[in-house]
Amino acid sequence: MTSELNKKKRKAILIFILPGLVLLGVFIILPFFMSFGLSFTNQRILSRLPTQFVGLRNYERLFKDDQFLIGLKNNMIFALIVVPVQTILALGMALVVNKNLKGVKIFRTAYFMPTVTTMVVVSVVWSFMYNPQGIINNFMQAITFGKWETIDFLKNSSWAFPAIMLMSIWQGAGFQMLIFLAGLQEIPKMLYEASTIDGANKWKQFFYITLPQLRNTTTFVLISTTILSLRLFDQIKIMTNGGPNDSTYTVILHLYNSGFTKQKVGYASAMTVVFFVIVLIISIIQRLLLREQREV
Amino acid sequence: MSKKRSLKRSKIIDKTVGYILLTILALFFLFPLIYMVTTSLNPDESDIVSKMGSIEAFIPTDVSLKNYFGDSSAEDADLTENKGVTGRMNFGRFMFNSIFIVSCTVVAGLIVNSMLAFGLARFSFKGRALLVSLIVALMIIPFEAIAIPLLWLVNIFNWLDSYHVQIIPFIANPFYIFLFYQFFIQFPKALEEAAIIDGASWFKIYWKVALPLSKPILSSVAILHFLTQWGFFLWPLMVTRGEEYRPLPVAMQQFFGQYPRDWGDIMAFASMMTIPVLILFIILQGQFVNSVKSSGIK
Amino acid sequence: MKKVLFTVVLLIAFSMVFAAAVEIDMWFHSGRGAERNVIQDQVKRFNEMQDLIHVNAVVLPEGSYNEQVQAAAYANDLPDLLDLDGPYMTNYAWAGFLRPLNDYMSEELKSDLLPSIIKQGTYKDKIYALGTFDSGLAIWGNKKYLEEIGARIPASVEDAWTREEFMQILADLKGLPEIDYPIDMMFSDVGEWYPYGFSPIFQAFGADLINREDFMSADGVLNGPEAVEAGEWFQSLIEDEYVNISPPNDAALLEGKAGLAWTGHWYYNSAKDALGEDLVLIPMPKLGSPDSLYGGQATGSGSWCWGITSTSGHPYAAWTFLRFILRPEEIVKMSNANGAVPSRKSASMLSELYKEGGPLSLYVDQASLISVERPVTPAYPIISLEFIKAIQDISNGGDVKDSLDNAVEEIDWDIEDNSGYPMD
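Residues numbered from 1 in each chain as written. Chains lettered and ligands numbered in written order. Predicted model: local features only at pLDDT ≥ 70, side-chain atom pairs only at ≥ 80, totals over all residues.

In this section: the overall build of chain A. Scanning chain A from terminus to terminus reveals 13 helices and 0 strands. Start at the N end of chain A and walk to the C end: the helices and strands fall as α-α-α-α-α-α-α-α-α-α-α-α-α. Against the 2.2 N^0.38 benchmark of 19 Å for 296 residues, chain A shows a C-alpha radius of gyration of 24 Å, more extended than a compact globule. Reported as C-alpha extents along the three principal axes, the dimensions of chain A are approximately 85 × 80 × 35 Å. (Helix = DSSP H or I, 4+ residues; strand = E, 2+ residues; numbered from the N terminus. Rg over C-alpha atoms; globule rule 2.2 N^0.38 Å.)

Structural data, given as structure tokens:
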């Protein structure tokens, strides 16, 4: 009887997990292992030379490659700034939208609109706005009564990256707001009612009820935003192509330039492997930190 | 009495502050998009550029759909500049391709990803924890990193220049699997125990119990998956050739060759490209949050 | 005898009725509207005028054309015939994707083609690609402004502005109230425009993209003292606000906001519409010393050209179509549409724009006197990418020597990695 149930269960498990696993295996895991293999060769996209085994040469070069290191540094800066800012903004928006106000649904849709707009489109529109003659410069001039000096945002080494960060936050915050909103609505109303009777004010409620109750949601938002910001590519490619003077250069852009434009498939593969390991370590650390807090 | 009044007053202030905040945020989030739409409605290219920095950009003097559908009555209706997006390219075809490819991917993805997540979340078996960690690790691999081996692979399968080459590799996605997993793992054990005693099969539990309870996560994943695929550029570039299977983001590259850059047409294209996602979102948005309350999970 | 003839006629008739036409796949970049229309029209007429060959033309978006062709080559999925942006041809030829055209070409055709077209298509003594047009790079000017500041308008290539004169003119133009930036150098464009439009500056100063003796290194050439001087001069144009590096569009000259435009032949039609009689074509200035590598004055050349792939099952049919669009009257049709230099001398004579004394004949003179083709080497994609990056950095105020050193290092590294791109 139990063995038959087990048999049935085993069959069920297979039916549930097999399609997904096969697809993951063929289209992500297999190519990744191919990348791993290629990382020890000098393969190029187009070449009349045979592909050769070059041992660890690609890896040795990678750690001496300034562009790669600059990209890595920029990715880290981006994540360190964008992840907290975007998360706090999204939480704030979720709190406002969660209020029982008329027409709040319309506002919610408005905040989500940028997320709905494809990055390619968003990048083009913002490039137009960041132009020296564009609307942002003129707006700044208007509110500073002409004291603002025109800035060529995307061609200025100190402004280009912040400009891209602002746009990325603008584009991404709406989605996280929705995740937070879902989390907020799951918090039992009872908790708030009880604390009001105890005389807790709004701030206390926020820190002692809302935040702890949102812990899972926050963990999820933090981890997913970190991973996404380490993958930064589309907006960079369209808006600055890594410039000026490498101030917006990222790892994935370097990967793209090396693997496609320069056709160095072997070298790009080595970069894939190293980048994977680095992000994996970051995620593990992040998980450990967040889990520890949970157990306190 | 006065206490009640001041309470009422503070409520009014609260509401006012709330609305002001809401409006400021809305302006911040909407103005680039409004800018896109108003620019697309301006038929005069030099007017667009001369106004690009001023508030006038939001108030086109001359509203027209020329950038969208062209102006057949214009003197030089044959000039590319006057043809509009639909006259310049086979826009309808590209729109259909995009919608078809992305819808297939998302629908298949919802089923496959949620099933895998359900299997991982609701069964205990050897290697389960390992599989979960593996899927989390897979989330990290960026597509750009495996694009070339993947191209080599689909070429062996002889899949180039087709719809399925743009669909099948993107159905299973570790990120969405993880989202579903997080959701399913919260279900109380009692849920399926009751169903099993009733003699329901696992598939029935998944289909009749788990999925209906998962509307919010289904909608979130659907939107997210849709968005990602909708803007997908690198892969279709590598695997499509002619117009037959070309999706919108690749078609958009037609504007980014050489001279002249036609901002009006670009913005018209961008506006049209945004519409389907917007519709989908408006349909699904209620599901995101509201059904959480009625789902009975809490 | 009669019987034989009868059989032959029958056979021909038979084959014409029953044999399906040979299908030729062809790709080309979407390009400018007028250019695309001419090619599409040529395909249509070619398909209608005979039944033996049918050309299936596919237009690919220009913004990502090179990437798309590269991916297709990797997957061994190229069409029979395709167009390539001039210097990129060599990489495909070296990797074995293109078929030499020498055997198909008649002596008459060879001698009628512009030398620059032959040069751009020739790699290791074999011709791999032919264009129906060549490009022209010079300066378009607004006569009204130039007369206002009393500038001399050069009549010929030899008569071009010197560097001092050029700088004086820019300074004077800057003084005019209507003008924001005196010269538009088309920073609204990206990618291949940079090496095409700006490497002639380096060549005029006596530098180059690579050492052309053996194409093995860029060291000392792209980062030597001449190159640094060129880069610093270029940077000074931007620092002095003579050039706008973030123009909202490419119409500053047309809208009267600039006095000059440093750009190619493709600008002609719209400039003519906007400025009419005020439009003048000015040769590239003499920026460097007369005894430097290229004599102190240089312009770009080369443009999109057609190649037949080595995987093509019907190379002769593809050639038949190529020969059709290389007919002088077809070349003139294209040249009238896009303003480009006709690739055959006999076609130039038929062209209103390019016949002697025509409004664009200066391009032909420049081509024979001061044009420097972008290096014909399989390393060109890297050279281009690194030069683009160096120009971006220099124009954004980066250190000139450092930027060029970086480019040289990457280029030399690539050549070394490919064992010097050997053909055997």
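So, about the overall build of chain C. Counting secondary structure elements, chain C contains 17 helices and 14 strands. In chain C, which comprises 424 residues, the proportion classed as buried is 58%. Considering only residue pairs separated by 6 or more positions, chain C has 76% of its internal contacts joining residues 24 or more positions apart. (Buried ≥ 20, exposed ≤ 12 C-beta atoms within 10 Å, placed from the backbone. Contact = placed C-beta atoms within 7 Å.)

This part covers the interface of chain A and chain B. Taken residue by residue, the interface counts 69 residues in chain A and 68 residues in chain B. Split into classes, the residues belonging to the side of chain A that touches chain B amount to 49 nonpolar, 16 polar and 4 charged. (Nonpolar A, V, L, I, M, F, W, Y, C, P; charged D, E, K, R; others polar.)

Residues and elements named next belong to chain C. The strand order E2-E1-E3-E12 describes an open sheet built from 4 strands, whose pairing is mixed. Edge positions in the sheet fall to strand E2 (53-60) and strand E12 (304-308), since each has one partner strand and no second. Neighbouring strand axes in the sheet, compared pairwise and without regard to direction, differ in orientation by 25° on average. Bridging between strand E3 (residues 81-85) and E12 involves 5 bridges; their strand directions are antiparallel. Bridge pairing links leucine 81 to isoleucine 308 in E12. (Pairing = 2+ DSSP bridges. Axes fitted to C-alpha atoms, helices over the stretch in contact; angles between N-to-C directions.)

Residues and elements named next belong to chain A. With 12 residues, helix H5 (residues 119-130) ought to run about 16 Å at 1.5 Å a step, and its terminal C-alpha atoms sit 16 Å apart, in line with that. Most of H5 is tucked away, with 11 of its 12 residues classed as buried. Buried residues of H5: Met119, Val120, Val121, Val122, Ser123, Val124, Val125, Trp126, Phe128, Met129 and Tyr130, and no others. (Expected span 1.5 Å × (residues − 1).)

This paragraph deals with the interface of chain C and chain A. In this assembly, 24 residues from chain C lie in contact with 19 residues from chain A. If you list the elements that add at least two residues to the side of chain C that touches chain A, you get helix H3 (65-74), helix H4 (89-94), helix H16 (380-395) and helix H17 (400-417) of chain C. Per-element accounting of the side of chain C that touches chain A gives the leading share, 5 residues, to H16(C). Per-class residue counts for the side of chain C that touches chain A are 11 nonpolar, 9 polar and 4 charged.

Looking now at the domain arrangement of chain C. All names here are of chain C. Annotation of chain C at the domain level lists domain 1 (22-135 + 302-373) and domain 2 (139-301 + 379-417). Between domain 1 and domain 2, the C-alpha centre-to-centre distance is 26 Å. Across the contact, 26 residues belong to domain 1 and 21 residues belong to domain 2. Per-element tally for the side of domain 1 that touches domain 2: the top contributor is helix H15 (residues 361-369), with 6 residues. Per-class residue counts for the side of domain 1 that touches domain 2 are 12 nonpolar, 9 polar and 5 charged. (Domains from an automatic or database assignment.)

Let us look at the sheet that holds strand E8 (residues 183-184) of chain C. Residues and elements named next belong to chain C. The 4 strands lie next to each other as E8-E9-E7-E10, forming an open sheet whose pairing is mixed. Two strands close off the open sheet at either side, each with one partner strand: E8 and strand E10 (279-282). Pairing of strand E7 (residues 137-142) with strand E9 (residues 260-264) involves 5 bridges; the strand directions are antiparallel. Within E9, the position partnered with alanine 138 by the bridge is threonine 263.

The next point concerns helix H10 (residues 215-230) of chain A. Here H10(A) is 16 residues long and its end C-alpha atoms lie 23 Å apart, about the 22 Å a rise of 1.5 Å per residue gives. Of the positions making up H10(A), those classed as buried are Thr217(A), Val221(A), Thr225(A), Ile227(A), Ser229(A) and Leu230(A).

So, on to the environment of Ala367(C). Residues and elements named next belong to chain C. If you trace the backbone, alanine 367 turns up in helix H15. For alanine 367, a count of 23 C-beta atoms within 10 Å translates into the label buried. Sequence separation between alanine 367 and isoleucine 383 is 16 residues; the distance between their C-alpha atoms is 23 Å. Residues contacting alanine 367, with those up to four places away along its chain left out, are Leu114, Ser116, Asp134, Ser301 and Val341.

Residue and element names in this part refer to chain C. Burial of the side chains of E10 extends over both faces: Leu279 and Leu281 are buried on one face and Val280 and Ile282 on the other. Here E7 pairs with E10 via 4 bridges, running antiparallel. Residue pairing for E10: glycine 141 is matched across the bridge by valine 280.

Right, let's get into the environment of Asp77(C). Within the secondary structure layout, Asp77(C) lies in the loop between H3 and E3. A residue is classified by how many C-beta atoms lie within 10 Å of it, and Asp77(C), with 14 of them, is partly exposed. A sequence separation of 123 residues divides Asp77(C) from Pro200(C), and the C-alpha atoms of the two residues are 35 Å apart. Leave out the neighbours within four places in its chain, and Asp77(C) touches Leu160(B) and Ala72(C).

With that out of the way, let us pick up the pairing of E9(C). Residue and element names in this part refer to chain C. Most of E9 is tucked away: 5 of the 5 residues are buried. Neither face of E9 is left uncovered, since the one carrying Leu260, Trp262 and Gly264 and the one carrying Ala261 and Thr263 both have all their residues buried. Pairing between E8 and E9: 2 bridges, direction parallel. Note that in E9 the partner of aspartate 184 across the bridge is alanine 261.

In this section: the confidence of the model for chain C. Confidence in the prediction of chain C, expressed as mean pLDDT, is 91, and 96% of residues score 70 or more. For chain C, per-element mean pLDDT is lowest for helix H1 (residues 2-18) of chain C, which scores 55, and highest for helix H10 (residues 225-239) of chain C, which scores 97. (pLDDT = per-residue confidence, 0-100.)

Bringing unusual backbone geometry into the picture now. Positive phi outside glycine occurs at Asn158(B), with the angle close to 65°. Topologically, Asn158(B) is positioned in the loop between helix H7 (143-156) and helix H8 (164-167). Positive phi, normally seen in glycine, also occurs at Phe215(C), with a value near 55°. When you line up the elements, Phe215(C) lands in the loop between helix H9 (193-204) and H10.

Turning our eyes to something else, we now look at the packing of helix H3 (residues 66-97) of chain A against H10(A). Residue and element names in this part refer to chain A. The contact between H3 and H10 brings their axes to 9 Å, and the two run at 145°. In this structure, H3 meets H10 at a crossing whose hand is right-handed. Contacts from Asn75, Phe78, Ala79, Val82, Val83, Gln86 and Thr87 of H3 reach H10 at Val221, Leu222, Thr225, Thr226, Ser229 and Leu230. The residue inventory of the contact of H3 with H10, partitioned by class, reads 7 nonpolar, 6 polar and no charged. (Left-handed = near helix turned anticlockwise from the far one by under 90°.)

A few words on the environment of Thr240(B). Residues and elements named next belong to chain B. For threonine 240, the location among the structural elements is in the loop between helix H13 (234-239) and helix H14 (248-252). Along the backbone, threonine 240 and serine 124 are 116 residues apart, and their C-alpha atoms lie at a distance of 42 Å. In this view, threonine 240 contacts Asp161, Tyr245, Arg246 and Val250; residues no more than four positions away in its chain are not counted.

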